[in-house]
Amino acid sequence: MNVTRGFTGRPRVHNAGLPPGQYDAGDDWPVLSAEVTPDLSPADWSFRIDGLVAEPRSWNWDEAHALPASAYEGDIHCVTSWSKFGVRFGGVSLDAFLAAVRPDPAATHAVAYAHTGYTANLPLADLTGGRAWIVWEYEGRPLPAEHGGPARLIVPHLYFWKSAKWIEGLRILDHDEPGFWEQNGYHARGNPWEEQRYSGD
Amino acid sequence: MPFVPPTRFAVPGRIAVSESAAAAWQTATLTEIRRETAHASTFRFAVPHWAGHLPGQHLLLRLTAGDGYVAQRHYSLASPPDDEGHIELTLDHVDGGEVSGWFHTVAAPGDQVEVRGPLSGFFAWPGDRPALLIGAGSGVVPLMSMLRHHRARGLDVPLRLLVSARGPEELIYADEFGAETTPVFTRRAPEGLPVGRMTAAQVAPLLDERPPGGWEAYVCGSNAFAEHASRLLVEAGQPVDRIRIERFG
């Protein structure tokens, strides 16, 4: 351990919900997108799942909202070291979308892509079983554009760069293909509890 | 063939990232502290095994307390690549910031911290294409690495910098800017210069004088500034897929 001379740091918070190397951002919700925030209205939004599925299909805003509502209440963790506790997102479980397209038994991974062209790769196992959502509400209000509105993916058990803003679709694959940050040195999976920030962690 | 989404992403990574350099923590020894403004100082470090970086890249820095508590932050590199095992960071003194607070009140030459990097190729500028740089506050830091690189290598590819600060005394690197730079002052300005937020009147002329093939635009600052500046760029005709944005957070 290389102790830094004279460094004491913030008062210690023993929060079992805080992954290693993270701090509590409190009321802040930093925006870190790498691209220009798109001017995307609900009428222009659509979400598609294709690739290794029995029945590829797309949903428009109203069709997506007709699926059973589901909410995530819990914490989110950004690779830049902030975590945010007790947030509430409203939308639809990704399971409901996947049930409609029926992924092939050979499918193992997915690339999530945004209306801006941003991409993030994910194991299919991280997107199923009630652990991923397409959301359009934050704390009961429409999701702001800079946070991915009108709708984004959230996969809150992984670092938040996996939770693609302005979600446009999922391509289901039988192999892993690095997305935008993953091609730029970030970890393929991004589990905050194992501090999988960068490739090689 | 890798999956390519139907919308071409704005910002393809510009360079390959060294995975071994990004994975290893190294000791960085503070060799010099230079005050830039009342709130910002530059910290120079010796990192003997630094793998080298491109302007625009950042690193992860960590401080460790006696009880093992660790605080880590991402910081943009301010120095150009110099191949001599030295790097510089310019840090704002953030109110209540545990890492920047240590740097501004405790740190002295000879102190050691740990760094890993360089990280991320997305905001990097290899010096190959015309660059239009727009920053605010300490958002000028990665852009300054680009400007210094441009000068150090005597590059003839066009480069312009539009930099916003509250007033002249808060303009980081003020003495280093030349004809390539246009400062914008939002609260207080010297005689004869306008005061106020960056406007289309400052951005549009830079688009009008774009070189053949156009600019690669790099925007760095707070989220509010980045949203504002990127909107001005798009309105002035800069293609959305040639704007890279780095936001504080």
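Residues numbered from 1 in each chain as written. Chains lettered and ligands numbered in written order. Predicted model: local features only at pLDDT ≥ 70, side-chain atom pairs only at ≥ 80, totals over all residues.

## Things to note about the overall build of chain B
We apply this condition: Secondary structure counts use DSSP, requiring at least four H or I residues in a row for a helix and at least two E residues in a row for a strand, with both numbered from the N terminus. This radius of gyration counts C-alpha atoms alone. The globule rule is 2.2 Å times how many residues there are, raised to the power 0.38. What counts as a contact is two residues whose backbone-derived C-beta atoms lie within 7 Å of each other.
Summing up its helical and strand segments, chain B has 5 helices and 11 strands in all. What you see for chain B is a C-alpha radius of gyration of 18 Å, in line with the 18 Å of a compact globule of 249 residues. The principal-axis extents of the C-alpha atoms in chain B amount to approximately 55 × 55 × 35 Å. Looking at chain B alone, contacts between residues at least 24 apart form 68% of all its contacts between residues at least 6 apart.

## Thoughts on the confidence of the model for chain B
Interpretation of the predicted coordinates at a detailed level should be avoided for regions scoring low in pLDDT. Operational definition: On a range of 0 to 100, pLDDT expresses the predictor's confidence in each residue.
When pLDDT is averaged along chain B, the result is 92, and 92% of the positions lie at 70 or above. Across the whole predicted complex the pTM is 0.93, and at the interface the ipTM reaches 0.90.

## Notes on the sheet that holds strand 7 (residues 131-136) of chain B
All names here are of chain B. What counts is decided by this rule: Here, a strand pair is defined by DSSP locating no fewer than two bridges between the strands. Lines fitted to the C-alpha atoms define the axes, with helices restricted to the stretch that makes contact. Angles between their N-to-C directions range from 0 to 180 degrees.
Across the sheet, 5 strands lie side by side as 9-8-7-10-11; this open sheet has parallel pairing. Here the strands that pair on one side only, and so sit at the sheet edges, are strand 9 (181-185) and strand 11 (243-247). This sheet shows a mean twist of 10° between the axes of neighbouring strands, independent of strand direction. The strands touched by helix 4 (residues 200-208) are strand 7, strand 8 (159-165) and strand 9; relative to strand 8, the strand with the most contacts, the crossing angle is about 175°.

## What to know about the pairing of strand 6 (residues 112-119) of chain B
Residue and element names in this part refer to chain B. To be explicit about the condition: Any residue surrounded by 20 or more other C-beta atoms within 10 Å of its C-beta is treated as buried, while 12 or fewer makes it exposed and the intermediate range makes it partly exposed; C-beta atoms here are placed from the backbone.
Within strand 6, 6 of the 8 residues are buried, which leaves it mostly tucked inside the rest of the structure. As paired elements, strand 1 (residues 26-35) and strand 6 share 4 bridges and run antiparallel to each other. What sits directly across from Thr29, in strand 6, is Gln112. Two strands pair when backbone bridges link them, and strand 3 (residues 58-64) and strand 6 are joined in this way by 4 bridges, in the antiparallel orientation. By the bridge assignment, Leu61 is partnered in strand 6 with Val115.

## Quick notes on the domain arrangement of chain B
Size of an interface, as often reported, equals the accessible area lost when the parts are brought together. Residue and element names in this part refer to chain B. Keep this limit in mind: Residue ranges assigned to the domains are those given by an automatic or database domain assignment. Under the scheme applied here, ten amino acids are nonpolar (Ala, Val, Leu, Ile, Met, Phe, Trp, Tyr, Cys and Pro), four are charged (Asp, Glu, Lys and Arg), and all others, including Gly, are polar.
According to the domain assignment, chain B contains domain 1 (19-119) and domain 2 (131-247). Here the C-alpha centre of domain 2 lies 24 Å away from the C-alpha centre of domain 1. Counting from both sides, the interface comprises 14 residues of domain 1 and, opposite them, 14 residues of domain 2. Looking at side-chain class alone, the side of domain 1 that touches domain 2 contains 7 nonpolar, 5 polar and 2 charged residues.

## Some points on unusual backbone geometry
Residue A:Pro150 follows A:Gly149 across a cis peptide bond; omega there is 15°. Looking at the element boundaries, A:Pro150 is found in the loop between strand 9 (141-142) and strand 10 (152-154). In this chain, B:Gly117 is followed by B:Pro118 through a cis amide linkage whose omega measures 5°. Topologically, B:Pro118 is positioned in strand 6. With a phi angle near 50°, A:Trp166 is a residue other than glycine that sits in the positive phi range. For A:Trp166, the position within the fold is in the loop between strand 10 and strand 11 (167-173).

## Things to note about the pairing of strand 11 of chain B
When a strand is regular, its side chains alternate between the sheet's two faces. All names here are of chain B. As a reminder of what qualifies: Orient the strands so they point away from the viewer, and a crossover whose first-strand-to-second-strand path over the helix runs clockwise is right-handed.
For strand 11, a buried count of 5 out of 5 residues is recorded, marking the element as mostly surrounded by other parts of the structure. Burial along strand 11 is two-sided: Ile243, Ile245 and Arg247 facing one way and Arg244 and Glu246 facing the other are all buried. Of the strand pairs in this sheet, strand 10 (residues 216-221) and strand 11 are connected by 5 bridges, and their pairing is parallel. For Gly221, the partnering residue across the bridge sits in strand 11 and is Arg247. In terms of handedness, the path from strand 10 via helix 5 (residues 223-235) over to strand 11 forms a crossover that is right-handed.

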